[in-house]
Amino acid sequence: MDVPDTTEDAARLAAVDRECMTRAMAAAARVRCATSPNPWVGAVLRTADGQMFEGATEPPGGSHAEVVALRAAGGAAAGATLYVTLEPCSHTGRTGPCATAIVEAGIKRVVIGVEDPDPLVAGSGVESLRRAGVEVAVGVQSEQVAGQLTAYLKHRSTGRPYVVLKLAATLDGGTAAPNGTSRWITSPEARADGHRLRAESDAILVGAGTIRRDDPSLTVRDYRPPVLPDGRSLDPLRVVLGSVAPDANVQPCYSTSGPLVDVLDDLGSKGVLQLLVEGGANVAGEFHRLGLVDRYVIYTAPALFGGEDARGLFAGNGAWDMSELWRGRFVAVERVGEDLRVEMVPAGEAPSTSTPTSERS
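Residues numbered from 1 in each chain as written. Predicted model: local features only at pLDDT ≥ 70, side-chain atom pairs only at ≥ 80, totals over all residues. Heavy atoms only, no water.

J.: Just to check I follow, could you spell out the overall build of the protein for this structure?
T.: Summing up its helical and strand segments, the protein has 10 helices and 13 strands in all. Against the 2.2 N^0.38 benchmark of 21 Å for 361 residues, the protein shows a C-alpha radius of gyration of 23 Å, consistent with a compact globule. Expressed as a percentage of contacts within the protein between residues at least 6 apart in sequence, the contacts between residues at least 24 apart total 73%. Here the protein has roughly 16,700 Å² of accessible surface; of this, 50% comes from carbon and sulfur atoms. The positive charge centre, built from 35 side chains, and the negative charge centre, built from 45, are 3 Å apart in the protein. (Helix = DSSP H or I, 4+ residues; strand = E, 2+ residues; numbered from the N terminus. Rg over C-alpha atoms; globule rule 2.2 N^0.38 Å. Contact = heavy atoms within 4.5 Å. Areas by Shrake-Rupley, 256 points an atom, 1.4 Å probe, with all protein chains shown as cover. Lys, Arg positive; Asp, Glu negative; His and termini not counted. Charge placed at Lys NZ, Arg CZ, Asp CG, Glu CD.)

Written out as structure tokens, the structure is:
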């Protein structure tokens, strides 16, 4: 499509841009569990006569989304517009620079969802394309794309993983009965959805107390993504805060300890983009009070303990006064089986004081 000459042409072009970026995001979503530690990126190549060719990032060592789309289009790529959710790379890593491939294919215009904060890219891909005479537009569907790539963007910006805290509770806030039993509060559908979160995460973290009490395996069992990792397991790295028995079901695992900020820095250096924290209440309370949670995912069952002796979501001291109440912002509410999945992100800075423990649960 040519550069617009009128307001009507500009509106038509903007609509096409949004549609194609939405398609690129859908392509990216299909490979969410297959690309890490590379970002899950989607691309759509649109020719002047409206033909569409899609691409998505392949597992590590494979081609990036842009190259997959270019390969699908073949000779039709010359003079076309390429839509890509993340800024094309301009350096040589496991693969060659995508910006060079785009220029060599004769692409006329590139539309980008968000720029890549990775220091190896960070605007250089855009600059390289423009220097070669390619028209570049940045920011189409940027909010939606940034949401899809949130874990990657945080990791590349801070060096730390994006932290998702997953909890399951009755409607009155109970996570376990007074005798310690907690299986199962939620429905099979909600538990399967929790396994989706595991599959999308690079690591899953629990405290040693949870291992001693429940002896979980922390594997992915009830979810199968549209695209499977190439020769790799869906199971995330299993991280335990504290010591673990050699015969525990969680083995092999990564046992660690120390301040949680140091744990996050360590995991980030290992290429963990998203960390799923599953508990128990002591670990959840520590992450929460330190303000280290990026997203809360709480499965709420239509059930009631009906008393004050059930175990709650968090252990430890909470807000003493209403003025100290932590507040977040709901970003999604969805029915999953008989339960509700409520997702929340911080509305502001959370309290940053906590007393670390050596054997968390």
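J.: Sorry, what's going on with the pairing of strand E7 (residues 203-207) here?
T.: In regular strands, side chains alternate between the two faces of the sheet. Among the 5 residues that make up E7, 5 are buried, leaving the element largely enclosed by the rest of the structure. The alternating pattern of E7 places Ala-203, Leu-205 and Gly-207 on one face and Ile-204 and Val-206 on the opposite face, and all of these are buried. Following the chain from E7 across helix H8 (residues 208-214) to the adjacent parallel strand E8 (residues 237-241), one finds a crossover that is right-handed. Two strands pair when backbone bridges link them, and E7 and strand E10 (residues 274-279) are joined in this way by 4 bridges, in the parallel orientation. Bridge pairing in E10 places Leu-205 opposite Val-277. (Buried < 20%, exposed > 50% of the residue type's maximum accessible area, 1.4 Å probe, protein only. Right-handed = clockwise from strand over helix to strand, strands pointing away. Pairing = 2+ DSSP bridges.)

J.: Looking at this structure, how should I read the sheet that holds strand E13 (residues 339-346)?
T.: Consider a sheet: its strands pair through backbone hydrogen bonds, and that pairing is either parallel or antiparallel. Strand order in the open sheet formed by 8 strands is E9-E8-E7-E10-E6-E11-E13-E12, with mixed pairing between adjacent strands. Looking at the sheet topology across the chains shown, the edges are occupied by strand E9 (254-256) and strand E12 (328-336). The mean angle between the axes of side-by-side strands here comes to 25°, regardless of whether they run parallel or antiparallel. Bridge count for strand E6 (residues 162-170) against strand E11 (residues 295-301) is 7 bridges, and the pairing is parallel. In the strand pairing of E11, Leu-165 is matched with Tyr-296. (Axes fitted to C-alpha atoms, helices over the stretch in contact; angles between N-to-C directions.)

J.: Would you take a moment to explain the side chain of His-195 for this structure?
T.: Along the polypeptide, His-195 turns up in helix H7 (residues 188-200). Not counting the four nearest positions on each side in its chain, His-195 is found in contact with Thr-219, Val-220, Arg-221, Asp-222 and Tyr-223.

J.: Even after reading the chapter, I still don't get helix H9 (residues 260-269), so can you show me in this structure?
T.: Owing to its 3.6 residues per turn, the α-helix brings residues three or four apart onto one side. Looking only at H9, the buried set comprises Leu-260, Val-263, Leu-264, Leu-267 and Gly-268. Axial view of H9: buried residues confined to an arc of 135°, hence all on one face. (Arc of directions from axis to C-beta.)

J.: In this structure, what is going on with the sheet that holds strand E3 (residues 81-86)? I would like to understand it.
T.: Overall, mixed pairing links the 5 strands, which are arranged E2-E1-E3-E4-E5 in an open sheet. This sheet does not close on itself; its edge strands, each paired only once, are strand E2 (52-56) and strand E5 (135-138). Between one strand and the next, the sheet's axes are offset by a mean angle of 15°, whatever the strand orientation. Direction of pairing for strand E1 (residues 42-46) relative to E3: antiparallel, over a ladder of 4 bridges. By the bridge assignment for E3, Leu-45 is matched with Leu-82.

J.: In this structure, what is going on with unusual backbone geometry? I would like to understand it.
T.: For residues that are not glycine, phi is negative in most cases, and the peptide bond is trans in most cases. With an omega of -10°, the peptide bond between Arg-183 and Trp-184 qualifies as cis. Relative to the elements of secondary structure, Trp-184 occurs in the loop between E6 and H7. In this structure, the amide linkage connecting Gly-279 to the following residue, Gly-280, adopts the cis form with an omega of 5°. Looking at the secondary structure, you find Gly-280 in the loop between E10 and helix H10 (281-289). Despite not being glycine, Leu-218 has its phi angle at roughly 60°, a positive value. When you line up the elements, Leu-218 lands in the loop between H8 and E8.

J.: Before we go on, may I ask you to explain the state of the cysteines in this structure?
T.: Here the structure, examined in full by the defined rule, presents 0 disulfides. The cysteine Cys-20 is free of any disulfide, with Cys-98 supplying the nearest cysteine sulfur at 19 Å. (Disulfide = S-S within 2.5 Å.)

J.: What is the right way to look at helix H6 (residues 150-158) in this model?
T.: Three or more residues of H6 are buried, namely Ala-151, Tyr-152, Leu-153 and His-155. Of the surrounding secondary structure, the elements contacted by the buried residues of H6 are E3, helix H5 (142-148), E6, H9 and E10. Just downstream of H6 lies Gly-159, where phi reads positive at about 85°.

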